[in-house]
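Chain and residue survey
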Amino acid sequence: MATMTAEQIEQKKQQLKQLSEEKNAIIKELQEAGAWPLDEADLDQAAGGIPLFDLIKRAGE
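The structure presented is a predicted model; accordingly, all values stated were derived computationally and were not measured.

The next subject is the overall build of the protein. A tally of helices and strands in the protein yields 3 helices and 0 strands. Reading the helices (α) and strands (β) of the protein from amino to carboxyl end gives α-α-α. Looking at the protein residue by residue over its 61 residues, the buried ones come to 2%. Of the accessible surface of the protein, which amounts to about 5500 Å², a share of 57% is contributed by carbon and sulfur atoms.

Here the focus is the confidence of the model for the protein. Of the residues in the protein, 77% have a pLDDT of 70 or more, and the chain-wide mean is 82. For the protein, the element scoring lowest by mean pLDDT is helix 3 (residues 52-59), at 64; helix 1 (residues 6-32) scores highest, at 94.

Now for helix 1. Across its 27 residues, helix 1 extends 39 Å between first and last C-alpha, which sits within 8% of the 39 Å expected from 1.5 Å per residue. Gly34 sits one or two positions beyond helix 1 and adopts a positive phi of about 75°.

Let us now look at unusual backbone geometry. Residue Pro37 is bonded to the preceding Trp36 through a cis peptide linkage, with omega at 10°. Relative to the assigned elements, Pro37 resides in the loop between helix 1 and helix 2 (40-46).

With respect to the helices, strands and loops of the structure, Lys23 is situated in helix 1. According to the relative accessible area criterion, Lys23 is partly exposed, its value standing at 46%. Here Asn24 takes part through its side chain, which lies 3.4 Å from a polar atom of the side chain of Lys23.

Definitions and limits used
- Residues numbered from 1 in each chain as written.
- Predicted model: local features only at pLDDT ≥ 70, side-chain atom pairs only at ≥ 80, totals over all residues.
- Heavy atoms only, no water.
- Helix = DSSP H or I, 4+ residues; strand = E, 2+ residues; numbered from the N terminus.
- Buried < 20%, exposed > 50% of the residue type's maximum accessible area, 1.4 Å probe, protein only.
- Areas by Shrake-Rupley, 256 points an atom, 1.4 Å probe, with all protein chains shown as cover.
- pLDDT = per-residue confidence, 0-100.
- Expected span 1.5 Å × (residues − 1).
- Polar contact = N/O pair within 3.5 Å; in protein donor to acceptor, adjacent residues only side chain to side chain.

So this is what it looks like as structure tokens:
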């Protein structure tokens, strides 16, 4: 496990907060466009064409 300074931890927390806000803004835009939630084909494409179930299965191996 990597050790981090208190400052690095705080920076990561701020980065996570910012990314979460960006994610929520993107979801809102997609909802307004009628394109959310994503269908399975879109999720597969985002995963590089690998079905999501296969990715989850591989992660557990």
